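Okay, here's what each chain looks like letter by letter:
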Amino acid sequence: MGAGTSAVDYDIKVFINCPFDDFYLPLFRATIFAVYSCGFIPKSSLNENNGLDNRIDKITRLIEHCRYGIHDISRTELNAAELPRFNMPFELGLFYGARRYGNKHQKKKIALILERVKYSYQKFLSDINGIDIQAHENDPYIIIRHIRDWLNTNAGGRIIPGANMVWANYLLFQKQLPELSFAFGYSHANYIPFNDYCNLVMAWLIGTRA
Amino acid sequence: MRIRHIKLQKLEGSVPWDVVVEAVKFVMEKPKYKKQKKGFRNIKYTLRKES
């Protein structure tokens with residue numbers, strides 16, 4: 001926890017460490033919806049856009065301010081240039097290091113590590129053998145269920161809705177999203193920036209009370 | 001039944017919050033969606049007051 005972050009804020013912020021490519025977008029959006037539905041705040045390097053800010057400084061600051069972390073290390077395969085992508089495992093390492101070497105607040109850090117297929121991480125990140133890692137199989141329902149169950153386990157008595165209810169609402173939100181995007185001023189839902197998408201999810205949840 | 005509150009915190013987006021709320025209301029209040037509206041029976045989402 002650093003300057004400008006209260007203890008309350010720290011305990012509800014979730015650092016999202018995942019790819020930002022179009023292929024991953026359905027999982028990323030499902031993640032954001034699940035985190036908000038459980039009453040937490042997703043934080044990502046997409047939150048801020050300051051040309052003067054060094055990228056690694058931004059990431060370390062985000063990690064410092066978030067008690068929880070969701071790390072998807074499934075996208076380590078070769079990219080178009082036939083090079084592997086190390087950003088997600090690297091940021092997982094930073095998160096782990098903060099917990100290992102940080103102050104008493106940092107030592108409270110809790111992580112959910114995700115991969116696509118169970119145990120595939122052992123082929124490229126064997127140092128984390130023995131840690132419980134969940135597979136999402138590129139399925140938004142599975143990722144929502146993992147996130148909800150993980151937050152429920154670690155939320156310290158906080159009220160959290162059931163996974164099936166979060167999923168039912170997500171499906172309804174997805175159904176309305178094209179119209180919401182249009183009413184929101186965007187021609188396509190995929191063009192909505194991170195912060196605006198977060199506000200849209202929040203406004204929808206607040207309005208969805210039965 | 002006791003209602004539990006989940007407080008959410010709005011972000012600095014490029015679209016003003018009022019516009020977001022209006023857009024959501026406009027779509028959610030369409031008859032085709034109104035019938036499908038679901039809610040967590042004992043959970044109410046509210047906006048956190050800005051500090």
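In this text the structure is predicted, and so the values were computed from the model without any measurement.

Cut-offs used in this document
Residues numbered from 1 in each chain as written. Chains lettered and ligands numbered in written order. Predicted model: local features only at pLDDT ≥ 70, side-chain atom pairs only at ≥ 80, totals over all residues. Heavy atoms only, no water. Salt bridge = Lys/Arg side-chain N within 4 Å of Asp/Glu carboxyl O. Helix = DSSP H or I, 4+ residues; strand = E, 2+ residues; numbered from the N terminus. Buried < 20%, exposed > 50% of the residue type's maximum accessible area, 1.4 Å probe, protein only. Phe/Tyr/Trp six-rings, centres within 6.5 Å; stacked < 30°, edge-to-face > 60°. 1 Å grid on protein atoms, 1.4 Å probe; cavity = no way out; pocket = protein on both sides within 12 Å on 5 of 7 lines; lining within 4 Å. Points joined across faces, edges and corners; volume = space filled by probe spheres on them. Nonpolar A, V, L, I, M, F, W, Y, C, P; charged D, E, K, R; others polar.

A. Structural context of the pattern of salt bridges. Tallied over the entire structure, the rule returns seven salt bridges over all chains. Residues arginine 48 of chain B and aspartate 9 of chain A are paired through a salt bridge, measuring 3.0 Å at the closest nitrogen-oxygen approach. Of this pair, arginine 48 of chain B sits in the segment after strand 2 (43-47) while aspartate 9 of chain A sits in helix 1 (residues 7-10), which puts the two residues in different chains. Linking glutamate 179 of chain A and lysine 32 of chain B is a salt bridge whose minimum nitrogen-to-oxygen distance equals 3.1 Å. Taken together, the positions of glutamate 179 of chain A in helix 6 (residues 163-184) and lysine 32 of chain B in helix 2 (residues 31-34) put the pair across two chains. Here the salt bridges do not stand alone but share partners, grouping Asp11, Arg67 and Lys108 of chain A into one network.

B. Inspection of the side chain of asparagine 195 of chain A at higher detail. Tracing the backbone through its elements, the reader meets asparagine 195 of chain A in helix 7 (residues 194-207). Residue classification places asparagine 195 of chain A among the buried positions, given a relative accessible area of 12%.

C. Up close: the packing of aromatic side chains. All names here are of chain A. Tallied over the entire structure, the rule returns twelve aromatic pairs over all chains. The interplanar angle of 15 degrees and the centroid separation of 5.7 Å between the aromatic rings of phenylalanine 28 and phenylalanine 194 together place this pair among those described as stacked. Taken as a pair, phenylalanine 28 in helix 2 (residues 25-37) and phenylalanine 194 in helix 7 lie far apart in primary sequence, 166 residues in all. With respect to burial, phenylalanine 28 and phenylalanine 194 carry one shared label: buried. Taking 6.0 Å as the distance between ring centres and 55 degrees as the angle between the ring planes, the aromatic pair formed by phenylalanine 33 and tryptophan 204 counts as tilted. Taken together, the residues phenylalanine 33 in helix 2 and tryptophan 204 in helix 7 connect sequence positions 171 residues apart. Relative accessible area serves as the criterion here: at 0%, phenylalanine 33 is assigned to the buried category.

D. Up close: empty space enclosed by the protein. All names here are of chain A. Counted under the stated rule, the structure contains one cavity of 30 Å³ or more. Empty space within the largest cavity amounts to approximately 30 Å³. Lining of the largest cavity is provided by Ile16, Cys18, Tyr24, Thr31, Ile70, Asp72, Leu114 and Ile143. Split into classes, the residues belonging to the lining of the largest cavity amount to six nonpolar, one polar and one charged.

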